[in-house]
Amino acid sequence: MKFYTADICDELQDDVQIVEPVFKAYGGVEKAFGKIRTLRLERNNTDLIAMLKEPGDDAFLVVDVGAEYYAVVGENLMKLAQHNGWAGILVNGYVRDIHVTTTIPVGLWALGTCPRKSFEHNLGERGEVLEFAGAVFKEDDWVMADRDGIIVVSDAAAERLQEKLF
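Overview of the structure.

Rules of the game
- Residues numbered from 1 in each chain as written.
- Predicted model: local features only at pLDDT ≥ 70, side-chain atom pairs only at ≥ 80, totals over all residues.
- Heavy atoms only, no water.
- 1 Å grid on protein atoms, 1.4 Å probe; cavity = no way out; pocket = protein on both sides within 12 Å on 5 of 7 lines; lining within 4 Å.
- Points joined across faces, edges and corners; volume = space filled by probe spheres on them.
- Helix = DSSP H or I, 4+ residues; strand = E, 2+ residues; numbered from the N terminus.
- Nonpolar A, V, L, I, M, F, W, Y, C, P; charged D, E, K, R; others polar.
- Buried < 20%, exposed > 50% of the residue type's maximum accessible area, 1.4 Å probe, protein only.
- Arc of directions from axis to C-beta.
- Contact = heavy atoms within 4.5 Å.
- Salt bridge = Lys/Arg side-chain N within 4 Å of Asp/Glu carboxyl O.
- Pairing = 2+ DSSP bridges.
- Right-handed = clockwise from strand over helix to strand, strands pointing away.
- Core = buried A, V, L, I, M, F, W, Y, C linked by side-chain atoms within 4.5 Å.

A look at the layout of surface pockets
The space that makes up the largest pocket amounts to roughly 320 Å³. What lines the largest pocket is a set of 24 residues, and nearest its centre among them are Gly34, Asp57, Asp58, Ala59 and Ala87. Of the residues forming the lining of the largest pocket, the biggest block, five residues, is contributed by strand S3 (residues 32-40). The residue inventory of the lining of the largest pocket, partitioned by class, reads 13 nonpolar, four polar and seven charged.

Shown next as structure tokens:
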């Protein structure tokens, strides 16, 4: 991948949202980008599992768990993401099994780690506009993440960047 978030910010200036630097990388790639798909969860990750079983088509899944202290992504879900072609996952929440997730070639960013998962059974909400960490995440906009940070770019602005991304 050719892109760097710093270069994208320089080029797009006001057409980019900067996600607050509260997330850490736990995936097996240093950078990832893709069209946003959203999912809001309440502790339980059953709907996340179902979504990751679907073709990812190089999309970037943005998950809001309301920063509840439960892990929603681990080794098994990262393997699903890889197998089904997801570019990355951004979790406003926690992950586990990082001794394995860091070896799987899918992007994974989260607030931190937590060894426990929830056993509740709550339904998730797909396709919702999510707001956290100073950014708004809408389906079909783009997330781009690397060592410098995470940014959100509108689909229209991303079209102007095709030669930098591919």
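Having seen the structure, we can now continue with the description.
Things to note about helix H3 (residues 75-83)
Within H3, the full set of buried residues consists of Leu77, Met78 and Ala81. Along the axis of H3, the buried residues cluster in a sector spanning 100°; they form a single face. Residues of H3 that are exposed and angled more than 90 degrees away from the buried face: Asn76 and His83. The inward-facing, buried residues of H3 contact helix H2 (46-52), strand S5 (71-73), strand S6 (88-95), helix H4 (98-101) and strand S7 (107-113). Directly beyond the C-terminal end of H3, a positive phi value near 80° is found at Gly85.

With respect to the pattern of salt bridges
Where charged atoms from two side chains of opposite charge come close, those side chains can pair. Applying the stated criterion across every chain, the model contains seven salt bridges. Among the ionic pairs, Arg126 bridges to Glu54, the shortest N-O distance being 2.8 Å. Highlighted residues: Arg126 in strand S8 (residues 125-126) and Glu54 in the loop between H2 and strand S4 (60-64), separated in sequence by 72 residues. A salt bridge links Lys79 to Glu75; the shortest N-O distance between them is 2.8 Å. Linking Lys79 with Glu75, this pair stays in helix H3, spanning four residues, or about one helical turn. Taking relative accessible area as the criterion, Glu75 reaches 22% and is therefore assigned partly exposed. One connected set of salt bridges, linked through shared partners, spans Arg37, Glu139 and Asp140.

Concerning the pairing of S3
With four bridges connecting them, S3 and strand S11 (residues 142-146) associate as antiparallel partners. Each residue of the ladder has a partner; that of Gly34, found in S11, is Val143. The sheet contact formed by S3 and S4 spans five bridges and is parallel. Its bridge partner lying in S4, Thr38 is registered against Val62. Of the crossover connections in this fold, the one passing from S3 over H2 to the parallel S4 is right-handed. With two bridges connecting them, S3 and S8 associate as antiparallel partners.

Comments concerning the nonpolar core
By size, the foremost hydrophobic cluster in this structure holds 24 residues, and its most contacted members are Leu48, Leu52, Leu61, Val73, Ile89, Val91 and Leu108. Those elements that provide at least two residues to this core are H2, S4, S5, H3, S6 and S7. In this structure, Val91 is in contact with Phe23, Val63, Val65, Val72, Val73, Leu108, Trp109, Ala110 and Leu111, ignoring residues within four places of it in sequence. Listed in part, the 20 residues of the second largest apolar core include Ile36, Leu111, Phe137 and Val143.

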